[in-house]
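In case you want the letters, here they are:
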Amino acid sequence: MEGTTTPIGFVYKTMFPYALSHAGEFLQQHASDADVCADLQALRKEHTADVHTGANPPPFNDEPDSAVAYMEWLTARDRKSTPFKALQGKIWQAGFTSGQLRADVFEDAPRSLARWRRHGRKICIFSSGSVLAQKLLFAHTVSGDLSEHISGYFDTTVGNKTDANSYQKIADALKKNPSEILFISDVTAELDAAKGAGMETLLCVRPGNRPQEPSNHRVIHSFDEVFP
């Protein structure tokens, strides 16, 4: 998602700050909700593990401000934490539905998604962002609602994006042989994992993306190069 369909700058300069600036208010209002409570409990377990490994996270107690401080700490480390990403998605929901947030997408993404779908390609997303966040983003872009083109969404509940087993689980869920699936990413470690599971791969190089180590993954600079 980020670095492929969506500029990294939008995620780090708009979405992450929005989540943090609204986290306190959100937790004050929803901390007793069952799903939010479950996310916070899972986050506490991660915090305990961070303490035990000597990572020195900020204190985490029953006060919403302490949860926000830990979320800030996780954001600074770009932690791909499943409960943290789940909370972010819930906070973003209000922003997207109210119109405060509109997702940037690369200009080739809308027409390419439409072209692939028109040609019978099944398009799925695998992101460290929660499934909720993915659905919100594609339904509320500056180019309109793109969710009609997306057949499925996967997040870190299937596993880490650098673990080949995650890609095998996705293939199993799609009832496809991994060799029938093309995975596009801006991160070579993710592509290595996907290729390790047997998928075809493409390295997407976009403005603002982090430089990657040399690899044997074919490079593209636009989705216009894929299934033209």
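The rules we used
- Residues numbered from 1 in each chain as written.
- Predicted model: local features only at pLDDT ≥ 70, side-chain atom pairs only at ≥ 80, totals over all residues.
- Heavy atoms only, no water.
- Helix = DSSP H or I, 4+ residues; strand = E, 2+ residues; numbered from the N terminus.
- Rg over C-alpha atoms; globule rule 2.2 N^0.38 Å.
- Buried < 20%, exposed > 50% of the residue type's maximum accessible area, 1.4 Å probe, protein only.
- Areas by Shrake-Rupley, 256 points an atom, 1.4 Å probe, with all protein chains shown as cover.
- Lys, Arg positive; Asp, Glu negative; His and termini not counted.
- Charge placed at Lys NZ, Arg CZ, Asp CG, Glu CD.
- Pairing = 2+ DSSP bridges.
- Right-handed = clockwise from strand over helix to strand, strands pointing away.
- Salt bridge = Lys/Arg side-chain N within 4 Å of Asp/Glu carboxyl O.
- Axes fitted to C-alpha atoms, helices over the stretch in contact; angles between N-to-C directions.
- Left-handed = near helix turned anticlockwise from the far one by under 90°.
- Contact = heavy atoms within 4.5 Å.
- Parallel < 35°, antiparallel > 145°, perpendicular 65-115°, else oblique.
- Nonpolar A, V, L, I, M, F, W, Y, C, P; charged D, E, K, R; others polar.

Turning our eyes to something else, we now look at the overall build of the protein. A tally of helices and strands in the protein yields eight helices and five strands. Scanning the protein from its N terminus toward the C terminus, one meets helices and strands in the order α-α-α-α-α-β-α-β-α-β-α-β-β. Computed over the C-alpha atoms, the radius of gyration of the protein is 18 Å, within 12% of the 17 Å expected from 2.2 N^0.38 for a compact globule of 228 residues. Each principal axis of the C-alpha atoms in the protein carries an extent, and together these give about 55 × 40 × 35 Å. For the protein, the residues scored as buried account for 50% of the 228 residues in total. On the protein, roughly 11100 Å² of surface is accessible, and the fraction owed to carbon and sulfur atoms is 50%. Taking the 24 positively charged and 28 negatively charged side chains of the protein as two groups, their mean positions are separated by 6 Å.

Of the strand pairs in this sheet, strand β3 (residues 182-185) and strand β4 (residues 200-204) are connected by four bridges, and their pairing is parallel. Opposite F183, over in β4, you have T201 as the bridge partner. With respect to chirality, the unit in which β3 leads through helix α8 (residues 188-196) into the neighbouring parallel β4 is right-handed.

This part takes up the pattern of salt bridges. A pair can form between side chains of opposite charge whenever their charged atoms are brought close. All chains considered together, the criterion is met by eleven salt bridges. Among the ionic pairs, R111 bridges to E107, the shortest N-O distance being 2.8 Å. Residue classification places R111 among the partly exposed positions, given a relative accessible area of 39%. Look at E107 and you get exposed, because its relative accessible area is 57%. A salt bridge links R111 to D224, with the shortest nitrogen-to-oxygen separation between them at 2.7 Å. One end of the pair, R111, is in helix α5 (residues 108-118); the other, D224, is in the segment after β5 (218-220), with 113 residues separating them in the sequence. Bridged by salt links that share partners, the residues E46, D50 and R79 form one connected network.

Contact pair helix α2 (residues 34-52) / helix α4 (residues 82-98): the axes reach a minimum separation of 8 Å and the direction vectors enclose 145°. Handedness of the α2/α4 crossing: left-handed. Along its contact with α2, which presents D35, V36, D39, L40, A42, L43 and E46, the element α4 presents T82, P83, F84, A86, L87 and K90.

Here we come to the packing of helix α3 (residues 64-76) against α4. The N-to-C vectors of α3 and α4 enclose an angle of 105°; their axes lie 11 Å apart at closest approach. Considering their axes alone, α3 and α4 lie roughly perpendicular with respect to each other. In this structure, α3 uses M71, L74 and T75 to contact α4, whose residues at the interface are F84, L87, Q88 and I91. Each residue belonging to the contact of α3 with α4 can be placed in one class, and the counts come to five nonpolar, two polar and no charged.

Take unusual backbone geometry next. Its identity is not glycine, yet K175 carries a phi of approximately 55°, on the positive side. Mapped onto the elements, K175 comes out in the loop between α7 (164-174) and β3. When its relative accessible area of 75% is taken as the criterion, K175 is described as exposed. One non-glycine residue, F227, adopts positive backbone phi at about 50°. Considering the arrangement of structural elements, one finds F227 in the segment after β5.

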